[in-house]
Amino acid sequence: NLPPLEAGAGQAAMLLLAAPLLLLGAHDGPAWQGSPQADGLYAAYNQLAAFSQQCQLPIKTPQIVVVGQQTDGKSALIEALMGFQFNHVGGGTKTRRPIALQMQYRAECEEPRCFLFEGGRERQVGLQELKAYIEAENSRLEMEGAFEAEELIVRMDYKYCPNLSIIDTPGLLDFESAAQSTAPSAAANARAVRELVVAQMSAAERVILCVEETRCWQSSAVRQLVGEVDPTFGRTVVVSTKLDTKLAQLSGTSDLLHFLTARPLRESHPRLLGGPFFTSVPSGRVGSSPLHGFATDGEYQDALARTEHANLEYLREVAAPAADAATQPGARSAVGISRLRRFLEDLLRERYLMSLTSIIGQLQAARERTSQQMAQADELLEELAPSRLRGLCSKYVSLFMERYDLTIAGTVATDTAPIGQTLAQERAEAGALCSDAALGADFSALVGEGGAGARLFGGAQFHRLLREFELGVRSLPSVLITDEQLSNALGVDAQHDALCYGRAVCQAAMSQSLSQHHELLTRLASRVEHVVARMLLHAAATADEGISAAAGAGALRATARRSRMISETIGGFLRRPVEEAFSSLLRESLRECMQACYTDIRSVVAPRGGASEVSTLWPIFASPANDVTEDGEVASWAVGGWVGSGESAVDALVTRLVGAWRRQFALAVKRKVRYFLISLAERLPTHLLRSLHTMCDEPTSTSSLDVASARAALLEHKAGLETEHARATQLLDRFYSLRGQLEEGSREGSRADRPAEALAAGRG
């Protein structure tokens, strides 16, 4: 039902350019059969890809990434390449998670045999189960309005499958349309899909299959995005889908030939890796209901062949006058799914062969790493023996203290994002020492560059806390003494004694300050415990990593599950008792520190024997009259002074006394808390070792080390390493064999060429 094309003069050049395209596509239907000779090569690379995914090894293998806008037919194109339908395709954004398809030709597989990689392992699934799984994943993500970056890995063997490794990505969304959409998540989804697709294209070893439904070769949104990752298009193949629709739309010969030759595309991208290819996929899904277009995969394959044949027959009529003049055997453009399959298979095979030497080197390195880590695991198992357990505890404490000391002294080798805290976060978790208003604008200057918004940890966070404590003391409210309180404090005999009057005023003022300082000290103790406990978490996590690295959990880049298991079990069985011992010493040392601070406060207001005792207070507030700087500095510590008698002399006395005491109190507390931190670090190693060694010496105690669980986890880890080592060795042998076959074939080719060369020379 395709429309007839107009013929006219001046079309010869266009026909000449299009003729090679038609000649390359002129076959008796699709060549579904794969290349049995390449079975070993493709099977090895598929196993390597699965091995790399399971063990998270940095082995990069060539793959084809399919990109395009939504509804451009990416998923339908992939199904046509495979020869059967398995994905959930249709209107809207159906593919919401990349699907990595490892396809391999298997002549013995009359039906598709599918394997799903899930939870670190591969399991065989039926086609219907695979369909349901993919549809459920896409439906789940669609309900959530989300896209997921992690690839869903599927391997499939089939007699109609090509030997290809393809990644189907979510369809790109039109960002301008999304920005104008009333749906609040549209723009965010567009950005998320774009970032996901760019990440998939960015690997240099990957070929980009740029799929678009277009009639314009000047520009397209998809090619513009591809150009950001591959500016020269040297690893990009362009495919134009829905050719049957375009043939019906382009009734003029000149328009059709302009579209088929794609001259603007070739001129703008002279290093284009391949294409454009022109494909058509029949509509309809495989199923048993009347609504489905095909009852079996065989009917679907026949429909694909008929569609391709009809397109080629139609185009032969147009290009027939120029077909005999075609002289470009290297032309890469072609019509039909079958031609695209052949091109991609040959391209991927070429990339595989070129990567053999690199893959062998990477596998050798992976095998060597696993060998070293198995030896490390054996060594750690020996250290778990009762006779050597003390040595392991000492090693852990040494790692712990090394990081703990660095945390206090300061280090630039740590990412502060996961462990640092802003002042707001710290105050929210452990309480504030004073109100936000009391902090004022001067706080950033007091805590140094970065101020309250800096993410600090360890010694820096501790220093910031002490500066906030100083501000908290300065911002304490005014001391309030009423006439009634003062009269009661004077008693019966001292109402008119000036010296007793002064003593009573001072004692009343200091009693008021005592309750204020006591409350502030309680809040300070809570904050100090919080800051030091965070040092514990950081130091313990580092010690866990150090002990786990000895078992090979870190350097191997093992699976995330196994790495967590090693860190939590092997390091964790020592970490828990260390945390308990640390916490007990922390609480004991902090209690002693706070007790010394409380003693200082109470000693100031202790009962005194008489007037002679009052004189001991005078040095605090009696200073030379000309010491204006000292007076002003002391007053700044008691801005509110006191409220009460209204007598200026008494007001000045109390203000001076309270200010001097607050300053002295702040300095004394800061000295004691700093000494507490230093003393804790000095006592900690001995305390931790004593606690751990006690547990080693009492294996039947309820607080003993759980060595059995740690040993079981380590044995499991070693078994995993042995499996990975065996698989790496097996793959390495296989790639050695492939390279040997390739070299042998090359030598045989050279030997076959030499007699021909000699014969030619003799004829010459």
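About the thresholds
Residues numbered from 1 in each chain as written. Predicted model: local features only at pLDDT ≥ 70, side-chain atom pairs only at ≥ 80, totals over all residues. Heavy atoms only, no water. Helix = DSSP H or I, 4+ residues; strand = E, 2+ residues; numbered from the N terminus. Buried < 20%, exposed > 50% of the residue type's maximum accessible area, 1.4 Å probe, protein only. Contact = heavy atoms within 4.5 Å. Areas by Shrake-Rupley, 256 points an atom, 1.4 Å probe, with all protein chains shown as cover. Core = buried A, V, L, I, M, F, W, Y, C linked by side-chain atoms within 4.5 Å. Salt bridge = Lys/Arg side-chain N within 4 Å of Asp/Glu carboxyl O. Pairing = 2+ DSSP bridges. Axes fitted to C-alpha atoms, helices over the stretch in contact; angles between N-to-C directions. Expected span 1.5 Å × (residues − 1). Polar contact = N/O pair within 3.5 Å; in protein donor to acceptor, adjacent residues only side chain to side chain. Phe/Tyr/Trp six-rings, centres within 6.5 Å; stacked < 30°, edge-to-face > 60°. Lys NZ or Arg CZ within 6 Å of the ring centre and 35° of its normal. pLDDT = per-residue confidence, 0-100. Parallel < 35°, antiparallel > 145°, perpendicular 65-115°, else oblique. Nonpolar A, V, L, I, M, F, W, Y, C, P; charged D, E, K, R; others polar.

The next thing to look at is the overall build of the protein chain. Across its full length, the protein chain carries 26 helices and 12 strands. Within the protein chain, the fraction of its 764 residues that count as buried is 48%. Across the protein chain, contacts joining residues at least 24 apart in sequence account for 83% of those joining residues at least 6 apart. When the accessible surface of the protein chain is totalled, it reaches about 35200 Å², and 52% of it is carbon and sulfur.

Across soluble globular proteins, nonpolar side chains show a tendency to be buried alongside one another. Counting 63 residues, the largest nonpolar core has F400, Y404, V673 and F676 as the members making the most contacts within it. Secondary-structure elements contributing two or more residues to this core are α13 (356-383), α14 (389-409), α18 (458-474), α20 (498-550), α21 (560-604), α25 (648-697) and α26 (707-763). In this structure Y404 touches V532, M535, A539, F582, L677, L680, A681 and L684, once residues within four positions along its chain are discounted. Judged by nonpolar contacts, the second largest core, of 61 residues, contains I64, Y300, L340 and L731.

Time to look at the pattern of salt bridges. Evaluation of the coordinates by the stated rule reveals 28 salt bridges. One salt bridge connects R140 with E137, and the closest N-O pair in it is separated by 3.0 Å. Residue R140 and its partner E137 are both found in helix α4 (residues 127-144); the two are separated by three residues, about one turn of the helix. Judged by its relative accessible area of 13%, E137 is buried. Of the charged contacts, one joins R427 and E468 as a salt bridge, the two residues approaching to 2.6 Å between their closest N and O atoms. Pair noted here: R427 is in helix α15 (residues 423-430) and E468 is in helix α18, with a separation of 41 residues, a long-range link. Across the pair, E468 and R427 agree in class, each one buried. Residues participating in the shared-partner salt-bridge network are R97, E137, R140, E144 and E148.

Across the sheet, 10 strands lie side by side as β4-β3-β5-β2-β6-β1-β7-β8-β9-β10; this open sheet has mixed pairing. Bordering the open sheet on either side are β4 (121-125) and β10 (334-335), each of which pairs with just one other strand. Sitting on the sheet, helix α3 (residues 74-82) is in contact with β1 (64-67), β2 (99-105), β5 (152-158), β6 (164-168), β7 (207-212) and β8 (236-240), with an inclination near 160° to β6.

Moving on, we get to α14. Over its 21 residues, α14 runs 30 Å from end to end, which matches the ideal 30 Å to within 8%, given 1.5 Å per residue. Along α14, the residues that are buried comprise L389, L392, C393, Y396, V397, F400, M401, R403, Y404 and T407. One or two steps after α14, the chain reaches G410, where phi turns positive at roughly 110°.

Let us now look at the pairing of β5. In terms of burial, β5 is a largely internal element, seven of the seven residues being buried. Because side chains alternate across β5, one face comprises the buried residues L152, V154, M156 and Y158, and the other comprises I153, R155 and D157, equally buried. Note: β2 against β5, seven bridges, orientation parallel. Note on β5: the bridge partner recorded for M103 is M156. Two strands pair when backbone bridges link them, and strand β3 (residues 113-118) and β5 are joined in this way by five bridges, in the antiparallel orientation. Note that in β5 the partner of F117 across the bridge is I153.

This next bit is on the pairing of strand β9 (residues 274-278). Within β9, five of the five residues are buried, leaving the element largely enclosed by the surrounding structure. Of the pairings in the sheet, the one linking β8 to β9 comprises three bridges and is parallel in character. Within β9, the position partnered with V239 by the bridge is F277. Two elements, β9 and β10, share two bridges in a ladder whose sense is parallel. Across the sheet, the residue bridging to F278 is V335, located in β10.

Next up on the list: the environment of K159. With respect to the helices and strands, K159 occurs in the loop between β5 and β6. Take K159: its relative accessible area is 18%, and that puts it in the buried class. In this structure the C-alpha to C-alpha distance between K159 and G83, which are 76 residues apart in sequence, comes to 9.2 Å. Only 3.3 Å separates the side chain of K159 from the side chain of E110, close enough to count as a polar contact.

All right, on to the packing of aromatic side chains then. As enumerated under the stated definition, the model contains 11 aromatic pairs in all. Consider the rings of Y158 and Y160, whose centres lie 5.3 Å apart with planes at 80°: the pair is edge-to-face. A ring pair is formed by F400 and Y404, whose centres lie 6.2 Å apart and whose planes are at 5°; its orientation type is stacked. With F400 and Y404 both in helix α14 and four residues apart, the pair spans about one turn of that helix. The class of F400 is buried, set by a relative accessible area of 0%. Here the aromatic cluster, defined as three or more aromatic residues joined through ring pairs, consists of F84, Y158 and Y160. Over the aromatic face of F147 sits the side chain of R96, whose NZ or CZ is 4.4 Å from the ring centroid. If you follow R155 out to its NZ or CZ, it ends over the ring of F115, 3.9 Å from the centre.

Looking now at the confidence of the model for the protein chain. Summing up the model confidence of the protein chain, the mean pLDDT is 74 and the portion of residues at 70 or higher is 70%. With pLDDT under 50 throughout, residues 754-764 is counted as low confidence; its partners more than four residues away or in other chains account for zero contacts.

Here the focus is the packing of α3 against helix α12 (residues 337-354). At a minimum axis distance of 10 Å, the contact between α3 and α12 shows a crossing angle of 80°. One element, α3, and the other, α12, form an angle in the roughly perpendicular class. Residues L77, A80, L81 and M82 of α3 pack against I337, L340, R341 and L344 of α12. The residue inventory of the contact of α3 with α12, partitioned by class, reads seven nonpolar, no polar and one charged.

With respect to the secondary-structure elements, A710 resides in helix α26. In this structure the C-alpha to C-alpha distance between A710 and F573, which are 137 residues apart in sequence, comes to 6.6 Å.

Before going further, it helps to spend a moment on α13. Under the 1.5 Å per step criterion, the end-to-end length of α13 is 41 Å for 28 residues, consistent within 8% with the ideal 40 Å. Burial in α13 covers these residues: L356, I359, I360, L363, A366, T370, Q373, M374, A377, L380, L381 and E383.

Here we come to unusual backbone geometry. Residue P276 is reached from G275 by a cis peptide bond, and omega for that bond is 0°. Positive phi outside glycine occurs at K242, with the angle close to 60°. Relative to the helices and strands, K242 is located in the loop between β8 and α8 (243-249). For K242, a relative accessible area of 29% puts it in the partly exposed group. If you check the backbone angles, A262 has positive phi at about 50° while not being a glycine.

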